[in-house]
Amino acid sequence: KRDNEFLAVKKLSVNENYESIISRGEEYIEKYRNIKDSQWEKMINLVNKAEQRKKQIEEEKRERLARCDNKILTQREFLMGKNPYADKGKCVEFMAATFQMTSANAGLFNISNDELAYIEFNKTFRGFYVKGIAKIKGIYSYISRIGTPNQVPHLEMLEIEEIRE
């Protein structure tokens, strides 16, 4: 039974469920404090690592929010608001598909079925889809191939996952 309890807590680390690792690990440590063997010590180490990782994630979240005027919009919130001027300085978490690259590190992307956005990257973008968090910089204006003036949201990627499928 004790081995099963240990393995159950250890499996939580695969899913990065730090809250559960900490609470169930502390229960395990308390329950078996009279049997201070190597497994008990491993559980203490597992709980300590989970607490450190949880603090690191919370710090990363605070730093991310600070770069985003303390607001990260969902893709839906961003699309429903339809006002990049009002959201300037905030961030949006989204996924988009390449429409047309304008340089090695910038281009127009489909952020919904009928919405484009101009996205800048801090490095060469080689994917087809982009997923991540971008800072809203306002509006990007351009002239289409047929001569029509267009304005789309202007985003700058802060955190990125390139998807090449």
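Residues numbered from 1 in each chain as written. Predicted model: local features only at pLDDT ≥ 70, side-chain atom pairs only at ≥ 80, totals over all residues. Heavy atoms only, no water.

A closer look at the overall build of the protein chain
Part 1 of the reasoning: A tally of helices and strands in the protein chain yields four helices and six strands.
Part 2 of the reasoning: Secondary structure elements of the protein chain occur, N-terminal to C-terminal, as α-α-α-β-α-β-β-β-β-β.
Part 3 of the reasoning: For a compact globule of 165 residues, the expected C-alpha radius of gyration is about 15 Å, and the protein chain comes in at 23 Å, more than 25% above that figure.
Part 4 of the reasoning: In the protein chain, which comprises 165 residues, the share counted as buried stands at 35%.
Part 5 of the reasoning: Summarising the internal contacts of the protein chain: among those between residues at least 6 apart in sequence, 52% fall at separations of at least 24.
Part 6 of the reasoning: Accessible area for the protein chain stands at about 10700 Å²; split by element, carbon and sulfur atoms hold 47% of it.
Part 7 of the reasoning: A distance of 1 Å separates the average location of the 29 positive side-chain charges in the protein chain from that of its 26 negative side-chain charges. (Helix = DSSP H or I, 4+ residues; strand = E, 2+ residues; numbered from the N terminus. Rg over C-alpha atoms; globule rule 2.2 N^0.38 Å. Buried < 20%, exposed > 50% of the residue type's maximum accessible area, 1.4 Å probe, protein only. Contact = heavy atoms within 4.5 Å. Areas by Shrake-Rupley, 256 points an atom, 1.4 Å probe, with all protein chains shown as cover. Lys, Arg positive; Asp, Glu negative; His and termini not counted. Charge placed at Lys NZ, Arg CZ, Asp CG, Glu CD.)

Comments concerning the pairing of strand β3 (residues 106-110)
Part 1 of the reasoning: Across the five residues that make up β3, a large majority, four, are buried.
Part 2 of the reasoning: Sheet topology note: the strand β2 (residues 91-103)/β3 ladder contains five bridges and is antiparallel. Bridge pairing in β3 places Ser103 opposite Ala106.
Part 3 of the reasoning: Hairpin connection, β2 to β3: the antiparallel pair is bridged by two residues.
Part 4 of the reasoning: Of the strand pairs in this sheet, β3 and strand β4 (residues 116-120) are connected by five bridges, and their pairing is antiparallel. Opposite Phe109, over in β4, you have Ala117 as the bridge partner. (Pairing = 2+ DSSP bridges.)

Concerning the state of the cysteines
Part 1 of the reasoning: Throughout the structure, instances matching the rule amount to one disulfide.
Part 2 of the reasoning: Bridging Cys68 to Cys91, the disulfide has an S-S length of 2.0 Å. Every disulfide takes its handedness from the sign of the S-S torsion; for Cys68 and Cys91 that torsion is -80°, giving left-handed. Here Cys68, found in the loop between α3 (38-67) and β1 (72-74), pairs with Cys91, found in strand β2; they are 23 residues apart in sequence, far enough to count as distant. Here the two residues Cys68 and Cys91 agree in accessibility, since each one is buried. (Disulfide = S-S within 2.5 Å.)

Observations regarding the packing of helix α1 (residues 2-12) against helix α2 (residues 18-31)
Part 1 of the reasoning: α2 packs onto α1 with a crossing angle of 160° between their chain directions and a minimal axis gap of 9 Å. The orientation of α1 relative to α2 falls into the category roughly antiparallel. Viewed along their axes, α1 and α2 form a crossing whose handedness is left-handed. Listed contacts from α2 to Arg2, Glu5, Phe6, Ala8, Val9 and Leu12 of α1 are Ser20, Ile21, Arg24, Gly25, Tyr28 and Lys31.
Part 2 of the reasoning: Across the contact of α1 with α2, the residue classes break down as six nonpolar, two polar and four charged. (Axes fitted to C-alpha atoms, helices over the stretch in contact; angles between N-to-C directions. Parallel < 35°, antiparallel > 145°, perpendicular 65-115°, else oblique. Left-handed = near helix turned anticlockwise from the far one by under 90°. Nonpolar A, V, L, I, M, F, W, Y, C, P; charged D, E, K, R; others polar.)

Quick look at the nonpolar core
Part 1 of the reasoning: Membership of the largest hydrophobic core comes to 17 residues, with the highest contact counts inside it found for Phe78, Phe94, Ile119, Val130 and Leu155.
Part 2 of the reasoning: Contributing elements (two or more residues each) for this core: α4 (75-81), β2, β4, β5 (129-143) and β6 (149-163).
Part 3 of the reasoning: In contact with Phe78, other than residues within four places in its own chain, are Leu73, Asp87, Val92, Ile111, Ile136, Pro153 and Leu155.
Part 4 of the reasoning: In this structure, Val9, Ile21, Tyr32 and Ala50 belong to the second largest nonpolar core, which totals 14 residues. (Core = buried A, V, L, I, M, F, W, Y, C linked by side-chain atoms within 4.5 Å.)

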